[in-house]
Amino acid sequence: MPSPGSAQESAPESAPMSRRSKITPERAQELYGAVLELLRESGYESLTMEGVAARTRCGKSTLYRQWGSKPELVVAALHGTRRMRLTNIDTGTLAGDLLAAARAIGEASGSDTPLMHALSHAALQSPELLCALREALILPEVAAIDAMVRRGQERGEIAADLPGAAFVAAQLLGVMRARPLLEGRYADAAYLTGFTERAILPGLGLTAGAPEP
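Residues numbered from 1 in each chain as written. Predicted model: local features only at pLDDT ≥ 70, side-chain atom pairs only at ≥ 80, totals over all residues. Heavy atoms only, no water.

Caption draft 1: Molecular detail of the overall build of the protein. The number of helices and strands found in the protein is eight helices and zero strands. Counting from the amino terminus, the protein carries its helices and strands in the arrangement α-α-α-α-α-α-α-α. Taken across its 213 residues, the protein has 46% of its residues classed as buried. Counted over contacts in the protein with a minimum sequence separation of 6, partners at least 24 positions apart contribute 71%. Carbon together with sulfur atoms contributes 55% to the accessible area of the protein, which is approximately 11100 Å² in total. (Helix = DSSP H or I, 4+ residues; strand = E, 2+ residues; numbered from the N terminus. Buried < 20%, exposed > 50% of the residue type's maximum accessible area, 1.4 Å probe, protein only. Contact = heavy atoms within 4.5 Å. Areas by Shrake-Rupley, 256 points an atom, 1.4 Å probe, with all protein chains shown as cover.)

Caption draft 2: Seen up close, the pattern of salt bridges. Applying the stated criterion across every chain, the model contains 12 salt bridges. Taking the shortest distance from any N to any O, the salt bridge between Asp 90 and Arg 151 comes out at 3.8 Å. Of the two residues, Asp 90 sits in the loop between α4 (70-80) and α5 (94-124) while Arg 151 sits in helix α6 (residues 127-154), which places them 61 residues apart along the sequence. Measuring nitrogen to oxygen at the nearest pair gives 3.0 Å for the salt bridge that ties Arg 179 to Glu 183. Residue Arg 179 and its partner Glu 183 are located together in helix α7 (residues 168-183), separated by four residues, close to a single helical turn. One connected set of salt bridges, linked through shared partners, spans Glu 37, Glu 41 and Arg 55. (Salt bridge = Lys/Arg side-chain N within 4 Å of Asp/Glu carboxyl O.)

Caption draft 3: Region of the structure containing the nonpolar core. Leu 39 and Leu 78 are the most contacted members of the largest nonpolar core, which has 63 residues in total. Listing elements by their share of this core, those giving two or more residues are α1 (25-42), α2 (49-56), α3 (60-67), α4, α5, α6, α7 and α8 (189-204). No other element matches the 15 residues that α5 contributes to this core. Excluding its chain neighbours within four sequence positions, the residues that come into contact with Leu 39 are Tyr 44, Leu 47, Val 74, Leu 115, Ala 118 and Leu 119. (Core = buried A, V, L, I, M, F, W, Y, C linked by side-chain atoms within 4.5 Å.)

Caption draft 4: Molecular detail of α4. If you check which residues of α4 are buried, you get Lys 70, Leu 73, Val 74, Val 75, Ala 76, Ala 77 and Leu 78. Looking at the buried side of α4, the elements it contacts are α1, α2, α3, α5 and α6.

Caption draft 5: Quick peek at α1. Between its first and last C-alpha atoms α1 spans 26 Å; for 18 residues at 1.5 Å apiece the expected length is 26 Å, and the two agree. The complete set of buried residues in α1 reads Ala 28, Leu 31, Tyr 32, Ala 34, Val 35, Leu 36, Leu 38 and Leu 39. Check the buried side of α1 and you find it contacts α2, α3, α4 and α5. (Expected span 1.5 Å × (residues − 1).)

Caption draft 6: The arrangement of the packing of α4 against α6 in detail. Two elements in contact, α4 and α6, have axes whose closest approach is 8 Å; the angle formed by their N-to-C orientations is 15°. As the angle between them shows, α4 and α6 are arranged roughly parallel. The two elements α4 and α6 cross, and the hand of that crossing is left-handed. In contact with Val 74, Val 75, Leu 78 and His 79 of α4, α6 contributes Glu 128, Leu 129, Ala 132, Leu 133, Glu 135 and Ala 136. Residue classes in the contact of α4 with α6 are distributed as seven nonpolar, one polar and two charged. (Axes fitted to C-alpha atoms, helices over the stretch in contact; angles between N-to-C directions. Parallel < 35°, antiparallel > 145°, perpendicular 65-115°, else oblique. Left-handed = near helix turned anticlockwise from the far one by under 90°. Nonpolar A, V, L, I, M, F, W, Y, C, P; charged D, E, K, R; others polar.)

Below is the structure:
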């Protein structure tokens, strides 16, 4: 028996998976982009398959055949648009890497922060959605920042056992999420750069000036 309220977003039972229509990768990216755009605008609860169909001029039945339900479509959109914007950062110093990461994260905060806020409540009630949110927006950047810290340790810029090194990613990504709640403004590039210079680097024994020896 379906759960209350699930009928509106459930796929018609007459649309088996074997009858999925062919959607090109380019069309899928267009649909994923529309899903994320609608999430930023109105939140998860207000997102409907009908709204996605109208925004993309795609048949609602096509969406149901391809993805089955709203949660499945949102999960696919998160996985399909996962970005790796920090992985190519390598300035030669840990301070330079972290400042470059702060700028990159800040430049995207206007789109990433509303998306995370839109999905947070629903994700806490859906393990699959939470996993997709973490894999798309959080874990790649945590891994990239951790890699920067490891390179700094290998170069001897910071001690291998420095306690604060384990919390760099949490500081940088956490303040991006927290600033809208604390101050009503996004953590843009200027804010995150200043935060890195004044809060993160001093805790590592680094400065934003000359390259470390």
